[in-house]
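Spelled out, the chains give:
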Amino acid sequence: MSRGRIVDDRGYTLLTGVTGLLGRYLYRDLVSQGVPLAVLVRPKGRESAEDRVEALAAWWEANLGRPLARPVCLEGDVTQPGLGLSAEAKHWVASNCGRVVHSAASLVFHGGDRTREPWLSSYNGTRNLVELCKSVGIGELHHTSTAYVCGTRDGTICESDLNVGQGFRNDYEECKCTAEAWLRDQGGLDSLTVYRPAVIVGDSETGHTTTYLGVYRFFQFAWLLAQQAPRGADGRCILPIRLRMTGEECQNLVPVDWVSAVMARLITSPEAQGRTYHLTPAVPTRSSQIEAALADYFSFRGVSFAGSDGAPDETLNEPERLFYDYIDAHEDYLRAEPVFDARNTLAAAPDLPCPEVDAPCLRRLIDFAVHDRWGRSASVSARRKQRQ
């Protein structure tokens, strides 16, 4: 266990999931507000927990051009009983932590059974965390859920809604809903605040991300096919793909920097605690905007909107078959989205409006992904260093 600066007893906030996309932004935003932080991190490969946290802190310092306070690093794993903490670390948490921000989760959509991801992290991990809170006397929990606990419901979804017998598109949605429902049934917590972000994408200003799922599957397929497709006299490649959409579908995309900024505000505002917050866009992104941004960036034409019942399987051409195989796990999210009522969020943080994921923002997201090689640039760099 490595320790940062020491503060008064119970003054620390324990953050899980710090190495994930949202977690790394929460680290930046919370320590920037002077919040003493402890983080739960597991080793990865040859990297110790301390090495992973130091690399993250150094990355932020290089990008921000200013120093950041180091958190106390606790080696552990939310999937393990007691979070896998040593007796010394558990004693330290009991003596120093008064609040937990739970951001650790698995983004796996389909798990087979409840002994695998995403259940292992998102559901079992939540239970392990609460049991630890009860055993050490932490009563304030901030839990990161998802707006998609609504499952297959349509219409307007309120922040007070949870399990009303809805169906689910995948294990990810179901286990998130199950975990949140279980949390609400628990005694022993003084305060439970729940955050439900929609589809988190990269930074609204830089495009930075560490996760390439959801809408990024669209981006990556366009990139792959545009490299191989023949180009016409106008220099544009032709992608003869019929989309099973009208073009008017609304996609609830939210930049990670905004989600983190709102959460950090609410976490540090005592009057905001004990509620549920939809972190969803006021102005969703239309599917036609996404297609237009990709066509402009990769210089292609030929994609058309065939309507929700268009392009039946038996009529698909080869590029279309490749496309629908590539986005299979995410296709349901592209066809229709509910409307999320976010009145609690609007009331608590009216000065922090969600940035629109419009054409300029989409271009930044695409550009970062391409230059990051869809997450491979860091791993390639690491392998080169190992060989030197």
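One can find the structure itself at the top, above this paragraph.
Residues numbered from 1 in each chain as written. Predicted model: local features only at pLDDT ≥ 70, side-chain atom pairs only at ≥ 80, totals over all residues. Heavy atoms only, no water.

Peer 1: I tried to follow the overall build of the protein on my own but got confused; where do I start?
Peer 2: Helices and strands together make up the secondary structure of the protein, namely 13 helices and 17 strands. The C-alpha radius of gyration of the protein comes to 22 Å, within 12% of the 21 Å expected for a compact globule of 388 residues. In terms of its C-alpha atoms, the protein occupies a principal-axis envelope of roughly 70 × 55 × 45 Å. Burial analysis of the protein (388 residues in total) assigns 52% to the buried set. When the accessible surface of the protein is summed, it comes to about 17200 Å², and 49% of that surface belongs to carbon and sulfur atoms. When the 42 positive and 49 negative side-chain charges of the protein are each reduced to one mean point, those points stand 5 Å apart. (Helix = DSSP H or I, 4+ residues; strand = E, 2+ residues; numbered from the N terminus. Rg over C-alpha atoms; globule rule 2.2 N^0.38 Å. Buried < 20%, exposed > 50% of the residue type's maximum accessible area, 1.4 Å probe, protein only. Areas by Shrake-Rupley, 256 points an atom, 1.4 Å probe, with all protein chains shown as cover. Lys, Arg positive; Asp, Glu negative; His and termini not counted. Charge placed at Lys NZ, Arg CZ, Asp CG, Glu CD.)

Peer 1: Even after reading the chapter, I still don't get the sheet that holds strand β3 (residues 72-75), so can you show me in this structure?
Peer 2: Strand pairing in a sheet is mediated by backbone hydrogen bonds. Such pairs are either parallel or antiparallel. Ordered in space as β3-β2-β1-β4-β5-β7-β13, the seven strands form an open sheet in which the pairing is parallel. Unpaired on one side and paired on the other, β3 and β13 (276-279) mark the two borders of the sheet. In this sheet, adjacent strand axes meet at a mean angle of 20° when their direction is disregarded. The pairing of strand β1 (residues 12-16) with strand β4 (residues 97-102) spans five bridges and is classified as parallel. Each bridged residue has a counterpart across the sheet, and for T13 the counterpart in β4 is R99. Along the sheet face, helix α5 (residues 171-184) touches β5 (140-144), β7 (191-197) and β13 and points at about 160° away from the line of β7. (Pairing = 2+ DSSP bridges. Axes fitted to C-alpha atoms, helices over the stretch in contact; angles between N-to-C directions. Contact = heavy atoms within 4.5 Å.)

Peer 1: How do you make sense of the packing of aromatic side chains when you look at a structure like this?
Peer 2: Given two aromatic rings, their pairing is described by the distance between the two centres and the angle made by the two planes. Using the criterion set out here, one finds 18 aromatic pairs in the structure. Both rings, one in Y25 and one in W60, keep their centres 4.9 Å apart while their planes meet at 85°; by these two values the pair is edge-to-face. Of this pair, Y25 sits in helix α1 (residues 21-32) while W60 sits in helix α2 (residues 49-64), placing them 35 residues apart in sequence. Through a chain of ring-to-ring contacts, three or more aromatic side chains come together here, namely F109, Y148, Y172, Y333 and F340. (Phe/Tyr/Trp six-rings, centres within 6.5 Å; stacked < 30°, edge-to-face > 60°.)

Peer 1: Hey, could you run me through the packing of α1 against α2 in this one?
Peer 2: For any two helices packed against each other, the geometry is given by the interaxial angle and the distance between the axes. Relative to each other, α1 and α2 sit at 65°, their axes nearing to 11 Å. Seen along the crossing, α1 lies across α2 with a hand that is right-handed. Of the residues in α2, those touching α1 at R24, Y25, Y27 and R28 are L56, A57, W59, W60 and L64. (Left-handed = near helix turned anticlockwise from the far one by under 90°.)

Peer 1: Sorry if this is basic, but what is going on with unusual backbone geometry here?
Peer 2: Excluding glycine, residues mostly have negative phi values, and the peptide bonds linking residues are mostly trans. Looking along the chain, the bond that leaves E117 and enters P118 is cis, with omega of 10°. The phi dihedral of L83 falls on the positive side, at around 60°, and the residue is not glycine. With respect to the helices, strands and loops of the structure, L83 is situated in the loop between β3 and α3 (87-96). Although it is not a glycine, A311 sits at a positive phi angle of roughly 55°. Structurally, the position occupied by A311 is in the loop between β16 (304-305) and α9 (318-326). Taking relative accessible area as the criterion, A311 reaches 4% and is therefore assigned buried.

Peer 1: Before we go on, may I ask you to explain the nonpolar core in this structure?
Peer 2: Within soluble globular proteins, side chains that are nonpolar tend to cluster in buried spots. Membership of the largest hydrophobic core comes to 45 residues, with the highest contact counts inside it found for L15, Y27, L37, M263 and L279. Contributing elements (two or more residues each) for this core: α1, β2 (37-41), α2, α7 (256-267) and β13. When residues in this core are grouped by element, the largest group, eight residues, is from α7. Each residue touching L37, except ones within four places of it in the same chain, is listed here: Y12, T13, L15, Y27, L30, V31, P71 and V72. (Core = buried A, V, L, I, M, F, W, Y, C linked by side-chain atoms within 4.5 Å.)

Peer 1: Is there a simple way to think about the side chain of T144 in this case?
Peer 2: Looking at where T144 falls in the secondary structure, it is placed in strand β5. For T144, a relative accessible area of 7% translates into the label buried. In this structure the side chain of T144 is engaged in a polar contact, spanning 3.0 Å, whose partner is the backbone oxygen of H102. Those residues in contact with T144, other than ones at most four positions away along the chain, are L22, H102, S103, K176, Y195, P197 and M263. (Polar contact = N/O pair within 3.5 Å; in protein donor to acceptor, adjacent residues only side chain to side chain.)

Peer 1: Hey, could you run me through the packing of helix α6 (residues 215-228) against α9 in this one?
Peer 2: Packing of α6 against α9 leaves a shortest axis separation of 10 Å and a crossing angle of 150°. For the pair α6 and α9, the crossing hand works out as right-handed. Judged by residue contacts, R217, F218, Q220, F221, L224 and L225 of α6 engage P319, L322, F323 and Y326 from α9. When the residues that make up the contact of α6 with α9 are grouped by side-chain class, the tally is eight nonpolar, one polar and one charged. (Nonpolar A, V, L, I, M, F, W, Y, C, P; charged D, E, K, R; others polar.)

Peer 1: Would you mind showing me how to read the pairing of β2 here?
Peer 2: Two faces belong to every sheet, and in a regular strand the side chains alternate between them. Counting buried positions along β2 yields five of five residues, so the element is predominantly enclosed. The two faces of β2 match: L37, V39 and V41 on one face and A38 and L40 on the other face are all buried. The pairing of β1 with β2 spans four bridges and is classified as parallel. Across the sheet, residue L14 finds its bridge partner in β2, namely A38.

Peer 1: How do you make sense of the pattern of salt bridges when you look at a structure like this?
Peer 2: Side-chain pairing between opposite charges can occur once the charged atoms of the two side chains come close. Summed over all chains, the structure comprises 20 salt bridges. Connected through shared salt-bridge partners, E54, E61 and R70 make up one network. (Salt bridge = Lys/Arg side-chain N within 4 Å of Asp/Glu carboxyl O.)

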